[in-house]
Amino acid sequence: MKPETIIITGAGSGIGLATARRFLDVGWRVGLMGRREEALANAAAGAANALILPCDVSDSAAVDAGFARAVEVWGRIDVLFNNAGLNMAPATPDEISPDDFRAIVDVNVNGMFFCARAAFAQMRAQAPQGGRIINNGSISAHAPRPGSIAYTTTKHAVTGMTRSLSLDGRRWGIACAQIDIGNAASEMTARMPDGVPQADGSVRPEPVMDVSVVADTVYRMASLPEGANMQFITLMATDMPFIGRG
């Protein structure tokens, strides 16, 4: 069965916005999930195949309601792009409050789990069974930036979640994959061309890549035939300081 329905979290801006529009443009039915309804409406741009699902992913009841709404309209969910994420200004561990740390975990780990849980349940229950969950990891799932303990911790957790979902989903044809993105041009990376802290204590500019490259890659991952999975992919601006010592 050819996949044609997808829910994208964090769809109101950045990577989520670009990916939502990519899928809308090729005719998929797209559920745009995020906290800001106005931003989601702007992302949908009046497309008939768009479904706006206002939701804070850290609220499990709201997530369940959003997925139930999509199933009510479409009858099934083929793909989840588990994209919503939160970051914070660089800080050393002693400068981060427990509440700020919890806020990052609530979105990047708990929120991702709540969405994966809802998608998994539907993919297991629907006929024919199965689907695909694509988690947005990060280069930080491999190596930290200075002052990023909260974000880096959550992105390492995402990798464990991806592996567990992949294993647990086999019985019902549910594949799980992870895209680890480095320096896609968005609000989160806007400061990079002006200079960001490096591991050696310096501040240097970093290259970024167009966010459309990410959207195209997620589309390819989502469109793989049944029985094939792109388990992990690292997609980054070619010259960003990740490969090598710094």
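To keep things clear, this report deals only with the structure shown in the data block.

Analysis parameters
- Residues numbered from 1 in each chain as written.
- Predicted model: local features only at pLDDT ≥ 70, side-chain atom pairs only at ≥ 80, totals over all residues.
- Heavy atoms only, no water.
- Core = buried A, V, L, I, M, F, W, Y, C linked by side-chain atoms within 4.5 Å.
- Buried < 20%, exposed > 50% of the residue type's maximum accessible area, 1.4 Å probe, protein only.
- Helix = DSSP H or I, 4+ residues; strand = E, 2+ residues; numbered from the N terminus.
- Contact = heavy atoms within 4.5 Å.
- Axes fitted to C-alpha atoms, helices over the stretch in contact; angles between N-to-C directions.
- Parallel < 35°, antiparallel > 145°, perpendicular 65-115°, else oblique.
- Left-handed = near helix turned anticlockwise from the far one by under 90°.
- Nonpolar A, V, L, I, M, F, W, Y, C, P; charged D, E, K, R; others polar.
- Pairing = 2+ DSSP bridges.
- Right-handed = clockwise from strand over helix to strand, strands pointing away.

Here we look at the nonpolar core
Ranked by size, the top nonpolar core spans 34 residues in total, and within it Val-30, Ile-179 and Val-214 carry the most contacts. Listed by contribution, the elements that provide at least two residues to this core are β1 (5–9), α1 (14–25), β2 (29–34), α2 (37–44), β4 (79–82), β6 (174–182), α6 (211–222) and β9 (232–236). Here this core gets 6 residues from one element, more than from any other, and that element is α6. The contact partners of Val-214, leaving out residues within four places of it in the chain, are Ile-15, Ile-179, Ile-181, Ala-184, Met-209 and Leu-235. Grouped together as the second largest cluster of nonpolar side chains are 30 residues, Cys-55, Val-63, Leu-80 and Met-112 included.

Examining the packing of α1 against α2
Look at α1 against α2: their axes get within 9 Å of each other, and the N-to-C directions meet at 40°. Between α1 and α2, the crossing angle belongs to the class labelled oblique. With respect to the hand of their crossing, α1 and α2 are arranged in right-handed fashion. From α1, Leu-17, Arg-21 and Leu-24 reach across to α2, where they touch Asn-42, Ala-43 and Ala-44. Counted by class, the contact of α1 with α2 contains 4 nonpolar, 1 polar and 1 charged residues.

Considering the sheet that holds strand β5 (residues 131–136)
Read across the open sheet, the 7 strands follow the order β3-β2-β1-β4-β5-β6-β9; overall the sheet is parallel. Lying at the two open borders of the sheet, with one neighbouring strand each, are β3 (50–54) and β9. Direction aside, neighbouring strands of the sheet carry axes that sit 15° apart on average. Bridge count for β4 against β5 is 4 bridges, and the pairing is parallel. Within β5, the position partnered with Asn-82 by the bridge is Asn-135. Across the sheet, α2 is in contact with β2 and β3; its angle to β3 comes to roughly 170°.

Section: the pairing of β5
Counting buried positions along β5 yields 6 of 6 residues, so the element is predominantly enclosed. Burial of the side chains of β5 extends over both faces: Gly-131, Ile-133 and Asn-135 are buried on one face and Arg-132, Ile-134 and Asn-136 on the other. For the crossover that starts at β4, traverses helix α4 (residues 98–125) and ends in the parallel β5, the hand is right-handed. Note that β5 and β6 share 6 bridges and pair parallel. Residue pairing for β6: Arg-132 is matched across the bridge by Ala-175. For the segment spanning β5, helix α5 (residues 149–169) and β6, crossover handedness is right-handed.

Topic: the pairing of β4
Across a regular strand the side chains alternate sides, sitting on one face of the sheet and then on the other. Neither face of β4 is open: one carries Val-79 and Phe-81, the other Leu-80 and Asn-82, and all of them are buried. Pairing of β1 with β4, which is carried by 3 bridges, proceeds in the parallel orientation. Directly across from Ile-8, in β4, lies its bridge partner Phe-81.

Side note on unusual backbone geometry
Here the amide bond leading from Ala-127 into Pro-128 is cis, since omega sits at -5°, within 30 degrees of zero. You can see Pro-128 is positioned in the loop between α4 and β5. Its identity is not glycine, yet Ala-45 carries a phi of approximately 50°, on the positive side. By the secondary structure assignment, Ala-45 is in the loop between α2 and β3. Look at Ala-45 and you get exposed, because its relative accessible area is 60%. Even without being a glycine, Asn-183 presents a positive backbone phi close to 65°. Here Asn-183 shows up in the loop between β6 and β7 (196–197). Take Asn-183: its relative accessible area is 5%, and that puts it in the buried class.

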